[in-house]
Amino acid sequence: MHNVRRVKHTEEQKAQRRKREQHDIQKFQKLNAEVIKRDFSDLGRVLLLTTQMLKMCPEHYTAWNVRREAILKLEEQDQKVYIDQLKHELEFTASLLPQNPKIHWIWNHRRWTAIRLGGGMEHELKLVNLLLAKDPRNFHGWTYRRWVLRLQFNNNIPASEVEKELKFTTEKINQNFSNYSAWHHRVQQLKQLPLELRPQLSAELEYVSQAVFMDPNDQSAWLYYTWLLEGDLYTVSTEVLKEQLDMIEELYSEDRTAYAARALLQLKSLLNMERDQKLVDDLIEMDPMHKNRYRV
Amino acid sequence: MELLADKHLQYVEQLDKSKDDLQYWLTSHLRMNGLYWALNTTFLLQKPDLIDKEKIIDFVLSCYDESSGGFSADTGLDPHLLYTLSALQILYLEDSLDRLPDRNKTINFVKELHQPDGGFSGDKYGETDARFVYNAIQSLLILNALDEVDMTNTCTWLQQCQNYDGGFGFMPGEESHGAMAFTVVGALKILGKLDLIDSDRAATWLSDRQTDSGGLNGRPEKLPDVCYSWWVLSGLAILNKVDWIDKQKLSNFILQAQDPDKGGIADRPDNEVDIFHTVFGLAGLSLLGHPGLAQVDPIVCLPSSISAKLYKDNKLTLK
């Protein structure tokens, strides 16, 4: 259970709730018994029963399995009915996801459907956009987004699409720069872009600096900043490192935060400068929870 | 707040007496996992006989799927790796692995889920992620059959789950998530390939999960949650870096999430408790060296006395 406040119920309230729930418990047991029978003599009935079960309990993974088996039997009988059913599956999962955006089984069923339907993936991206508007950190949504793009382009995503994705991350980050999921997606896109289309390092540094200056206590932007400096993707010259050192020193003189101090230590290390013990001491004072790590 | 051991045992005892609650039925997909969590709770609280041994083994065996060799979440449901590992853990905890109907069949169930890219899917319907890779590896460990699967590409797959930030995603290229520290680091440790990852970078990301409240979160800028006192802390423990966080503050956070009336532990203080957060809260406290608890093994989430036997069976030296 996540995010459910503890409430004390009286015995009377508990008894009332149990009375209320009796009907649903019976309904669940009846549906469960029917679903696990796997009686495929009437496929329409199997689809109906699994619909009822999954609306009541979208985590009933066996109901999803039985449903898929029924749909595959439809395929043997009538290709058109089968395709229509797959289209219906998109609607069905789209109706369940807004209330249950973290249930793996629903996303899995949608993947299964999307693979079989093939074709354009605009409707898939549309759904993901909707869900990410509701919860911009939903990692299921981000994972599905990357999966859809790989599926659509058979693992060979054209640069123009990657550029679109890069723009999408800019949009999301501009809405809330604390959205680390969007920064992560940005890294994945940059890694896929050919060198000539990749934004300049200076532009990226300037972009992330805005976030860092706006809230020097936010971990998300600092993680991206650190990644840029490490030169995993970009070649970072001594000149750039020195510029960054000046900039972060200025930030640190105005607003002393642990993240800024960590960035300074990183920059000094990348510049082969001596370990700044005063800075380490300050860092330990600001962030004593991690003192043993800083002492190493 | 003190550790309310007796209350937690009471909480475990009443768990299967809630069949009048709709919630009990709506969570049937978690029944087998829930039983492992409950049994492990009693072991950590050093009352391993609290749950009736024959009753629990009967339930586990009622979930065995004869055609595949796997186990389901509840009687009549379909087999899946998530439940097969819990079933094997329960049998091993109860020293009853000999009750397994057909060891080779269960080994085959796991083997057949091995994917060409090195990952494992959870069942024949597809979904692949690091949870199932871990499920497969610990299952094979309990079955003493690790050498029956070539794990070369699995090691590479797991290695690729580590991100530039040091954390681990559900799959290669996916955002780092605290829960995947246990699965990826634990799996590589069992396979003897921990050197494939950048340990210092991992421990930095993992220790950065500690928030001002003392609790650990699962991703940057998210709320802390007691369950990461297991998923994240076990990773740090395997990497020998538990002291990279403030242990006292984390202990306090977990203890404050206890329900002083009915027992059990919640995701955060003042929230509703459940057995998932109860076992992982206690396991976290055990890793922190809290008195009154059996020592837990960070690699397999079983009491260290039990895992020592497991490693001996497999002729492994993991410590």
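These numbers come from a predicted model, not from an experiment.

## Digging into the packing of aromatic side chains
Argument step 1. Tallied over the entire structure, the rule returns 24 aromatic pairs over all chains.
Argument step 2. Arranged with centres 5.2 Å apart and planes meeting at 35°, the rings of A:Y61 and B:Y83 form a pair that is tilted. Of this pair, A:Y61 sits in helix α3 (residues 61-77) while B:Y83 sits in helix α5 (residues 81-93), on two different chains. The exposure classification of A:Y61 matches that of B:Y83, with both residues buried.
Argument step 3. An angle of 50° between the planes, with centres 5.8 Å apart, marks the rings of A:W64 and A:F92 as tilted. Here A:W64, found in helix α3, pairs with A:F92, found in helix α4 (residues 79-96); they are 28 residues apart in sequence, far enough to count as distant.
Argument step 4. On the basis of relative accessibility, which here comes to 1%, the residue A:W64 falls in the buried class.
Argument step 5. Taken together, the ring pairs in this structure connect B:W37, B:Y134, B:F182, B:W230, B:W231, B:F276 and B:F280 into an aromatic cluster.
Argument step 6. Cation over ring: B:R209 sits above B:W205, and NZ or CZ is 4.3 Å from the ring centre.
Argument step 7. Against the face of B:W244 rests B:K241, its NZ or CZ located 5.2 Å from the ring centre.

## Examining the environment of B:S304
All names here are of chain B.
Argument step 1. Residue placement: S304 occurs in helix α14 (residues 304-313).
Argument step 2. Separated by 300 residues in the primary sequence, S304 and L4 place their C-alpha atoms 22 Å from one another.
Argument step 3. Ignoring sequence-local partners within four residues, the contact set of S304 consists of Q295, V296 and D297.
Argument step 4. From its side chain, S304 meets the backbone oxygen of V296 in a polar contact 3.5 Å long.

## So, the pattern of salt bridges
When charged atoms on two side chains of opposite charge get close, those side chains can pair.
Argument step 1. One pass over the structure, following the stated rule, counts 38 salt bridges over all chains.
Argument step 2. For A:K37, the salt bridge is made with A:E34, and the minimal N-O distance between the two is 3.5 Å. With A:K37 and A:E34 both in helix α1 (residues 11-37), this residue pair falls 3 residues apart, about one helical turn.
Argument step 3. The closest approach of N and O atoms between A:R110 and A:E124, which form a salt bridge, is 2.8 Å. Here the residue A:R110 occupies a position in helix α5 (residues 104-117), and A:E124 occupies one in helix α6 (residues 122-134), the gap between them amounting to 14 residues. Residue A:R110 shares its accessibility class with A:E124, and that shared class is buried.
Argument step 4. A single network of salt bridges, built from pairs that share partners, joins A:R6, B:D259, B:K262 and B:E272.

## Some words on the domain arrangement of chain A
Many authors give the size of an interface as the accessible area that is lost as the parts come together.
Residues and elements named next belong to chain A.
Argument step 1. Per the domain assignment, the segments making up chain A are domain 1 (1-118), domain 2 (119-198) and domain 3 (204-296).
Argument step 2. Computed from C-alpha atoms alone, the centre-to-centre distance between domain 1 and domain 2 is 29 Å.
Argument step 3. Listed by partner, the interface residues are 14 residues for domain 1 and 16 residues for domain 2.
Argument step 4. When the buried surface of domain 1 facing domain 2 is broken down by residue, W107, R111 and G118 rank first, second and third, together holding 41% of it.
Argument step 5. Linking domain 1 with domain 2 are 1 salt bridge, by the criterion used here.
Argument step 6. Our count for the contact surface shared by domain 1 and domain 2 stands at 4 residue pairs in polar contact (both at pLDDT 80 or more).
Argument step 7. Every element with two or more residues in the side of domain 1 that touches domain 2 is listed here: α4 and α5.
Argument step 8. Among the elements that line the side of domain 1 that touches domain 2, the one with the most residues is α5, at 7 residues.

## Brief notes about the UniProt feature "domain: Prenyltransferase alpha-alpha toroid" (unreviewed entry) in chain B
Argument step 1. Per the UniProt record, the feature "domain: Prenyltransferase alpha-alpha toroid" (unreviewed entry) sits at residues 3-302 of chain B.
Argument step 2. The annotated region residues 3-302 of chain B carries 45% helix and 2% strand content, and the separation between its end C-alpha atoms amounts to 20 Å.

## Considerations on helix α13 (residues 258-270) of chain A
Residue and element names in this part refer to chain A.
Argument step 1. Taking 1.5 Å per residue, 13 residues should reach 18 Å; α13 reaches 18 Å between its end C-alpha atoms and fits that length.
Argument step 2. Turning to α13, its buried residues number three or more, namely A258, Y259, A260, A261, A263, L264, Q266, L267 and K268.
Argument step 3. Contact partners of the buried residues in α13: α11 (219-230), α12 (238-254) and α14 (277-286).
Argument step 4. Just downstream of α13 lies N272, where phi reads positive at about 55°.

## Regarding the interface of chain B and chain A
Argument step 1. Each partner contributes to the interface: chain B provides 64 residues, whereas chain A provides 57 residues.
Argument step 2. Carbon and sulfur atoms make up 48% of the surface buried where chain B meets chain A, a total of about 5,500 Å² over both sides.
Argument step 3. Ionic pairing is found between B:D261 and A:K8, a salt bridge with its closest N-O pair at 2.9 Å.
Argument step 4. At the level of secondary structure, the elements contributing two or more residues to the side of chain B that touches chain A comprise α2 (22-26), α5, α10 (199-207), β2 (273-274) and α13 (275-287) of chain B.
Argument step 5. Classifying every residue of the side of chain B that touches chain A by side-chain character gives 20 nonpolar, 15 polar and 29 charged.

## Digging into the confidence of the model for chain A
Argument step 1. The predicted model of chain A has a mean per-residue pLDDT of 95, with 100% of residues at 70 or higher.
Argument step 2. For chain A, per-element mean pLDDT is lowest for α1(A), which scores 93, and highest for helix α2 (residues 43-56) of chain A, which scores 98.

Conventions used here
- Residues numbered from 1 in each chain as written.
- Chains lettered and ligands numbered in written order.
- Predicted model: local features only at pLDDT ≥ 70, side-chain atom pairs only at ≥ 80, totals over all residues.
- Heavy atoms only, no water.
- Phe/Tyr/Trp six-rings, centres within 6.5 Å; stacked < 30°, edge-to-face > 60°.
- Helix = DSSP H or I, 4+ residues; strand = E, 2+ residues; numbered from the N terminus.
- Buried < 20%, exposed > 50% of the residue type's maximum accessible area, 1.4 Å probe, protein only.
- Lys NZ or Arg CZ within 6 Å of the ring centre and 35° of its normal.
- Contact = heavy atoms within 4.5 Å.
- Polar contact = N/O pair within 3.5 Å; in protein donor to acceptor, adjacent residues only side chain to side chain.
- Salt bridge = Lys/Arg side-chain N within 4 Å of Asp/Glu carboxyl O.
- Domains from an automatic or database assignment.
- Buried area = accessible area lost by both parts, 1.4 Å probe.
- UniProt positions renumbered as here; feature names shortened; annotations may be inferred.
- Expected span 1.5 Å × (residues − 1).
- Nonpolar A, V, L, I, M, F, W, Y, C, P; charged D, E, K, R; others polar.
- pLDDT = per-residue confidence, 0-100.

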